[in-house]
Amino acid sequence: MKISDARVFICSPGRNFVTLKIYADEGVYGLGDATLNGRETAVASCLTEHLIPCLLGRNPFDTEDIWHYFYRGGYWRRGPVTMAAIGAIDMALWDIKGKALGTPVYNLLGGKSRTKMLAYAHANGADVSQTLDAVEQEIALGYKAVRVQCGVPGLAHAYGVASGGIPYEPASRSTRPIEEVWSTEKYLNFIPALFDKIREKFGFDIHLLHDCHNRLTPIEAARLGKSLEPHNLFWLEDPVPAELQEGFQAIRRHTVVPLAAGEVFNTVYDCHKLLAEQLIDYIRMTVSHGGGITPLIKTAAMAAVYHIKTGCHGATDMSPVCLSAALHFGAAINNFGIQEHMRHNELTREVFPHDYSFKDGYLLSGERPGLGVDFDEALAKKHPYQRAYLPVNRLEDGTLFHW
Ligand code: CS2
Ligand code: MG
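Residues numbered from 1 in each chain as written. Chains lettered and ligands numbered in written order. Predicted model: local features only at pLDDT ≥ 70, side-chain atom pairs only at ≥ 80, totals over all residues. Heavy atoms only, no water.

We now examine the nonpolar core. Counting 91 residues, the largest nonpolar core has Tyr187, Leu194, Phe195, Leu224, Phe248, Ile280 and Ile283 as its most contacted members. A total of nine residues in this core trace back to one element, the largest contributor, which is helix H10 (residues 320–332). Mapping this core onto the domain boundaries places at least three of its residues in each of domain 1 (3–104) and domain 2 (108–368). When neighbours within four sequence positions are excluded, leucine 224 is seen to be in contact with Tyr187, Leu188, Ile191, Pro192, Cys212, Leu216 and Leu236. Formed by 29 residues, the second largest nonpolar core is a distinct cluster that contains Ile3, Leu20, Ala34 and Val43. (Core = buried A, V, L, I, M, F, W, Y, C linked by side-chain atoms within 4.5 Å. Buried < 20%, exposed > 50% of the residue type's maximum accessible area, 1.4 Å probe, protein only. Helix = DSSP H or I, 4+ residues; strand = E, 2+ residues; numbered from the N terminus. Domains from an automatic or database assignment. Contact = heavy atoms within 4.5 Å.)

This is the structure in structure tokens:
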């Protein structure tokens, strides 16, 4: 079998997605998610200008060699743009492999280690009352794990809080990034009381997660972790920016709250210290931004050595192609932990018809050959790309900060 063509589609059924379609002879094609929120055309250009010309004529079954060809062969290794492009190629090749062999991709990764995968939903509100209602709503939908984010008194913006009655979407179609204002002090003074109220209302039968979105210093994260220990969180996510992996050591010295990191990681080199020193409990890398299924299987195997489980990123800026790939990956590996499930809107689901499903708090991978997702080119064309930016964050004195 040989790769005969490959095309990149950027569409915007409510938010931007970059989709790679690789065509092989014998009439088979595979899909890959190349979405990188706020940098979509960079990844598209990397694929069309640089990587796709080297793909043509290759055997799509040669996923291992093709991955190394692009990872090492490009000289300039790692980084979100390059690895999202390589990740999309890898995803599409595994899709082709499954379709050509007439089997779901999970069967090519070791078969099923579980029949269902624990999912977590997002609940957020402008204040405690709205947030409690949002948690109740997600529990009513069947979720057994809920990520909780809330507006912070005294701040106009807080991470993860939707506005305008629509699900949270951080990227805005604006000419420049929206500038938000942040105060760690106000946040740290507020969050413990929020979780007091959530546990008071819902008890301990629901898993609670919280995302700090890289906004604390290690000692601030240690303070927050200690204060949340009575609430037995499933995890505290992205407590600190993880460029300094050893920054997690200070947090570990002070608190037993489980830690999760990795949604922005692109290779195992971004987390090998976090894994080997057991500085985290869940690795969040997902298939698209982590360079594909091929490297993610290896990263999960390394994580397993250190008692670390997976918790793949699954926000709506990953398309259904990536979510499906994460579910085939999650169905097969032994150290699966949890899968983020931020539900895509109806239009996205129509553009990307798929056979994975949600039931009673769990996600089920599809059973169709390959990744089980398709791409409606005609419908996608009706929703063209529009440049969008993630916000920028400043402290109250104007200092540029982490968003
Ligand atoms: C968030 C993401 O889901 C999460 O854990 O960190 O939604 C993140 O804000 C977006 O992926 C950024 O595009
Ligand atoms: Mg996050």
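What follows covers the packing of aromatic side chains. As enumerated under the stated definition, the model contains 15 aromatic pairs in all. Centre to centre, the rings of tyrosine 120 and tryptophan 235 are 5.4 Å apart; their planes meet at 80 degrees, and the pair counts as edge-to-face. A residue pair is termed long-range when its members are at least 10 positions apart, and tyrosine 120 in strand E4 (residues 117–125) and tryptophan 235 in strand E8 (residues 235–237) qualify at 115 residues. Summarising the burial analysis for this pair, tyrosine 120 and tryptophan 235 share the class buried. Between tryptophan 235 and tyrosine 282 the ring centres are 5.2 Å apart and the planes differ by 55 degrees, which places this aromatic pair in the tilted class. Note that tryptophan 235 is positioned in strand E8 and tyrosine 282 in strand E10 (residues 282–283), a separation of 47 residues in sequence. You can call tryptophan 235 buried: its relative accessible area is 0%. Three or more aromatic residues joined by ring pairs form one cluster here, namely Phe9, Phe17, Phe352 and Phe375. (Phe/Tyr/Trp six-rings, centres within 6.5 Å; stacked < 30°, edge-to-face > 60°.)

This part covers the sheet that holds strand E16 (residues 400–401). Spatially, three strands are ordered E6-E15-E16 in an open sheet, and the strand pairing comes out mixed. If you trace the sheet from one side to the other, it starts and ends with strand E6 (179–182) and E16, each paired once. Examined bridge by bridge, strand E15 (residues 392–395) and E16 share two bridges and lie antiparallel to one another. Paired with arginine 394 across the strands is leucine 400, a residue of E16. (Pairing = 2+ DSSP bridges.)

If you check the shell around ligand 1, you find 15 residues, and the closest are Asn37, His213, Glu263, Arg284 and Glu340. Interatomic distance of 3.4 Å between a side-chain N/O atom of arginine 147 and an oxygen atom of ligand 1. Note that an oxygen atom of ligand 1 is positioned 2.8 Å from one of the side-chain N or O atoms of histidine 213. In isolation ligand 1 exposes 340 Å². Once the protein is present, 95% of that is buried. Across the shell around ligand 1, the residue classes tally to four nonpolar, four polar and seven charged. (Near = heavy atom within 4 Å. Polar contact = N/O pair within 3.5 Å; in protein donor to acceptor, adjacent residues only side chain to side chain. Areas by Shrake-Rupley, 256 points an atom, 1.4 Å probe, with all protein chains shown as cover. Nonpolar A, V, L, I, M, F, W, Y, C, P; charged D, E, K, R; others polar.)

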